[in-house]
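Observations on chain architecture
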Amino acid sequence: EDQVTQSPEALRLQEGESSSLNCSYTVSGLRGLFWYRQDPGKGPEFLFTLYSAGEEKEKERLKATLTKKESFLHITAPKPEDSATYLCAVQASDNFNKFYFGSGTKLNVKP
Amino acid sequence: SQTIHQWPATLVQPVGSPLSLECTVEGTSNPNLYWYRQAAGRGLQLLFYSIGIGQISSEVPQNLSASRPQDRQFILSSKKLLLSDSGFYLCAVRWETQYFGPGTRLLVL
């Protein structure tokens, strides 16, 4: 069964304290892995797409990496405005319309 | 660039009442459209997707239905709401990746 698991469920960091979020997945065939940021009461905001193991993408303090079984979202020197829920999703290669989402990691960065 | 509109933003409905949520997309033609539901503290659950007018695929058998009467309009409906239908409903469009609308918060009492 295709599924996505994110850990930890919640993460509290001090401003400037770097850390990583994990997304592990099992899917029959992976077309792409996606990271989103979601603020309370809003729709998810697209961050990154990763297509193959070894690929990395960066945006400001965020860096996403991909292996054959998991992805990491590294947050370097986070700021309070990075506080949000981060969602991971995988797109199956046998049906481009099927996206499987994890439950998310709720990040709280304290000043 | 694409813009996704969802209406209404919030909705409080009694159990057993009907439902109609609307999603419209600007800035693209013949988009692939999606309805998701997000329960509190949980991930997004794909409900329906559509690759064209009148073409609907259902992912989860339930109390809801979807329709696509126009190229850039996607509607989520129910004839009789259940308590379990409460949640945050998101419309999305796929263009390489998926982009989401602002969502509709539905509370069934």
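See above for the structure.
Here's a quick rundown of the structure. A quick note: this is a predicted structure, and the numbers were derived from the prediction, not measured. (Residues numbered from 1 in each chain as written. Chains lettered and ligands numbered in written order. Predicted model: local features only at pLDDT ≥ 70, side-chain atom pairs only at ≥ 80, totals over all residues. Heavy atoms only, no water.)

What follows is about the pattern of salt bridges. Evaluation of the coordinates by the stated rule reveals seven salt bridges over all chains. In this structure, A:D82 engages A:R61 in a salt bridge whose closest nitrogen and oxygen atoms are separated by 2.8 Å. Note that A:D82 is positioned in the loop between β8 (70–75) and β9 (84–92) and A:R61 in the loop between β6 (56–59) and β7 (62–66), a separation of 21 residues in sequence. Between B:D85 and B:R37 there is a salt bridge, and its shortest N-O distance comes to 3.6 Å. (Salt bridge = Lys/Arg side-chain N within 4 Å of Asp/Glu carboxyl O. Helix = DSSP H or I, 4+ residues; strand = E, 2+ residues; numbered from the N terminus.)

Now for the pairing of strand β1 (residues 3–7) of chain A. Residue and element names in this part refer to chain A. Residues V4 and Q6 of β1 are buried on one face, while the alternating residues Q3, T5 and S7, pointing to the opposite face, are not. Pairing geometry for β1 and strand β3 (residues 19–26), over five bridges, is antiparallel. Bridge assignment links S7 to a residue of β3, and that residue is N22. (Buried < 20%, exposed > 50% of the residue type's maximum accessible area, 1.4 Å probe, protein only. Pairing = 2+ DSSP bridges.)

Within the secondary structure, A:Q38 is located in strand β4 (residues 30–38). You can call A:Q38 buried: its relative accessible area is 8%. A polar side-chain atom of A:Q38 sits 2.9 Å from a polar atom in the side chain of B:Q38. Discounting chain neighbours no more than four positions away, the residues touching A:Q38 are A:G43, A:P44, A:A84, A:T85, A:L87, B:Q38, B:F88 and B:L90. (Polar contact = N/O pair within 3.5 Å; in protein donor to acceptor, adjacent residues only side chain to side chain. Contact = heavy atoms within 4.5 Å.)

Listed as interface residues are 23 residues of chain B and, on the opposing side, 20 residues of chain A. The three residues of chain B that bury the most area against chain A are B:L44, B:T97 and B:F100, which together make up 26% of that side's buried surface. The partner of B:E59 in a salt bridge is A:K98, with the nearest N and O atoms 3.5 Å apart. The interface formed by chain B and chain A contains seven residue pairs in polar contact (both at pLDDT 80 or more). Every element with two or more residues in the side of chain B that touches chain A is listed here: β4 (32–38), β5 (44–52), β9 (87–95) and β10 (97–100) of chain B. In the side of chain B that touches chain A, the residues fall into eleven nonpolar, seven polar and five charged. (Buried area = accessible area lost by both parts, 1.4 Å probe. Nonpolar A, V, L, I, M, F, W, Y, C, P; charged D, E, K, R; others polar.)

Moving on, we get to the sheet that holds strand β8 (residues 73–78) of chain B. Sheet strands pair by backbone hydrogen bonding; their relative direction is either parallel or antiparallel. All names here are of chain B. With antiparallel pairing, the four strands of this open sheet are ordered in space as β1-β3-β8-β7. Here the strands that pair on one side only, and so sit at the sheet edges, are β1 (3–7) and β7 (65–70). Between one strand axis and the next, the sheet turns by 20° as a mean value, whatever way the strands run. (Axes fitted to C-alpha atoms, helices over the stretch in contact; angles between N-to-C directions.)

On to the side chain of B:S78. Residues and elements named next belong to chain B. Among the structural elements, S78 can be located in strand β8. A distance of 3.3 Å separates the side chain of S78 from the backbone nitrogen of K80, its partner in a polar contact. Aside from chain neighbours lying at most four places away, what touches S78 is P18, L19, N63 and L64.

Let us look at the sheet that holds β3(A). Residue and element names in this part refer to chain A. Strands sit in the order β1-β3-β8-β7-β6 across an open sheet of five strands; the sheet is antiparallel. For this open sheet the edge positions go to β1 and β6, each flanked by a neighbour on one side alone. Put simply, the sheet's adjacent strands are angled 15° from each other on average, direction ignored. Looking at chain direction, β7 and β8 are connected through five bridges and run antiparallel. Across the sheet, A64 pairs through a bridge with L73, a residue of β8.

With that out of the way, let us pick up the nonpolar core. Judged by nonpolar contacts, the single largest core of 24 residues is most densely connected at A:L33, A:W35, A:L73 and A:Y86. Mapped by element, the contributors of at least two residues to this core are β2 (10–14), β3, β4, β5 (45–50), β7, β8, β9 and β11 (105–110) of chain A. The greatest single-element share of this core, amounting to five residues, is contributed by β9(A). Among the nonpolar cores identified, the runner-up in size contains 19 residues, and B:W35, B:L47, B:A66 and B:C91 belong to it. (Core = buried A, V, L, I, M, F, W, Y, C linked by side-chain atoms within 4.5 Å.)

This part takes up the environment of B:C91. Locating B:C91 in the fold gives a position in strand β9. Those residues in contact with B:C91 that sit more than four places away from it in its chain are B:I4, B:Q6, B:C23, B:Y34, B:W35, B:Y99, B:F100 and B:G101.

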